[in-house]
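One-letter residues, chain by chain:
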Amino acid sequence: MTVPAAGVQVGDKADPREYGPLTTRMFVRYAGASGDFNPIHIDREFAESVGLPSNILHGLYSMGVVAKTAAQGLAHGDPRALKKLTVQFRGMGLPEQEIDVTGTIKEVDGNRVTVDLEARQGDNRIIRNAVAELEI
Amino acid sequence: MGNPVGTRGTDYEMVVERGKIAEFAAAMQSQNPAYAGSGAIVPPTFLISSSLWAPEGAAVDVGFDRRRLLHGEQEFTFHGPPPAAGQVLRVSDQIVDRYEKPGKRGGMMRFAVVVTEYRGEDGTLVAEARRTLIETAPKGGAS
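Keep in mind that what you see is a predicted model, and the values were worked out from it rather than measured. (Residues numbered from 1 in each chain as written. Chains lettered and ligands numbered in written order. Predicted model: local features only at pLDDT ≥ 70, side-chain atom pairs only at ≥ 80, totals over all residues. Heavy atoms only, no water.)

Chemist: Before we move on, can you summarise a positive patch on the surface with the specific residues and values?
Modeler: Taken together, the side chains of A:Arg90, A:Arg128, B:Lys101, B:Lys104 and B:Arg105 present a region of like positive charge at the surface. The residue B:Lys101 is located in strand E3 (residues 88-102) in this model. (Patch = residues over 30% accessible without salt bridge, like charges linked within 9 Å, V, L, I, M, F, W, Y side chains within 5 Å. Areas by Shrake-Rupley, 256 points an atom, 1.4 Å probe, with all protein chains shown as cover. Salt bridge = Lys/Arg side-chain N within 4 Å of Asp/Glu carboxyl O. Lys, Arg positive; Asp, Glu negative; His and termini not counted. Charge placed at Lys NZ, Arg CZ, Asp CG, Glu CD. Helix = DSSP H or I, 4+ residues; strand = E, 2+ residues; numbered from the N terminus.)

Chemist: I'd like to hear about unusual backbone geometry, residue by residue, with values.
Modeler: All names here are of chain A. Cis geometry is adopted by the peptide bond preceding Pro21, which originates at Gly20 and carries an omega value of 5°. Among the secondary structure elements, Pro21 is positioned in the loop between strand E1 (17-19) and helix H1 (24-34). Despite not being glycine, Asn129 shows a phi value in the positive range, around 50°. Within the element layout of this structure, Asn129 appears in strand E5 (residues 124-135).

Chemist: Describe the pairing of strand E5 (residues 125-135) of chain B, and please don't skip the residues or the numbers.
Modeler: All names here are of chain B. By the bridge criterion, nine bridges tie strand E2 (residues 69-78) to E5 in an arrangement that is antiparallel. Residue pairing for E5: Leu70 is matched across the bridge by Ile134. Bridge count between strand E4 (residues 108-119) and E5: ten bridges; the pairing is antiparallel. What sits directly across from Val113, in E5, is Thr132. Taking the residues that link successive antiparallel strands as the turn, the E4-E5 hairpin has five residues, and the phi of Gly123 there is positive, at about 90°. (Pairing = 2+ DSSP bridges.)

The following block contains the structure:
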């Protein structure tokens with residue numbers, strides 16, 4: 001049983017959000033903030049030496065922008081609304097490109113809203129099958 | 001081989017710091033006021049930084065070859081309000097699942113699921129992080 005909540009309904013889309021363009025400087029800053037100093041994210045020469053096209057974005061950074069889209073698009077920017085977020089990391093995020101995030105409401109039950117989301121750089125889907133549960 | 005399902009890491013303390021929240025929010029290019037001031041709450045993926053608090057050897061060891069290691073999935077669950085600046089959390093890792101699947105180019109891919117629990121000082125479960133790690137099949141399909 002699906003009950004409309006807070007003026008949203010199944011099929012509604014979160015405002016699509018664009019982040020970036022990303023820079024290696026941002027990756028370095030995120031490495032410091034998160035504690036993930038894996039050189040594949042911050043050292044281009046190292047990343048290329050292990051067969052990557054470039055240094056690559058932290059998956060958790062892309063997860064963060066998915067969370068931001070869910071909260072900003074559907075909960076008036078209140079991150080407290082987010083109760084659960086699950087993502088699958090599938091593509092490599094690259095510097096000098098933007099990230100586009102889209103989301104669609106899949107289920108509404110009282111004040112509990114479930115949203116399907118995806119993050120991509122062009123045709124490269126870097127996060128797939130993301131699901132956010134919000135209380136709005 | 002790595003630790004079996006059920007293995008728990010040593011638990012450790014994480015102090016949720018206002019400055020660290022501000023640093024993390026800035027690194028995410030966020031200007032959300034929820035992350036500023038004395039009542040700052042943590043951004044949704046902030047708890048990943050608990051690794052900075054982990055003493056040597058506290059993490060569970062899934063035993064995967066780092067050169068073939070992928071981070072396949074990640075989940076955060078908040079059981080109440082998100083942790084806020086000043087809160088002290090007890091953090092512990094546990095391996096909750098391990099399985100294998102045939103790789104697309106032969107060989108076996110190995111999976112491990114690790115849950116990190118974040119508990120308040122009274123033991124209440126505040127949040128959980130669940131990550132699925134993948135070890136890709138060795139090159140050449142030999143396994």
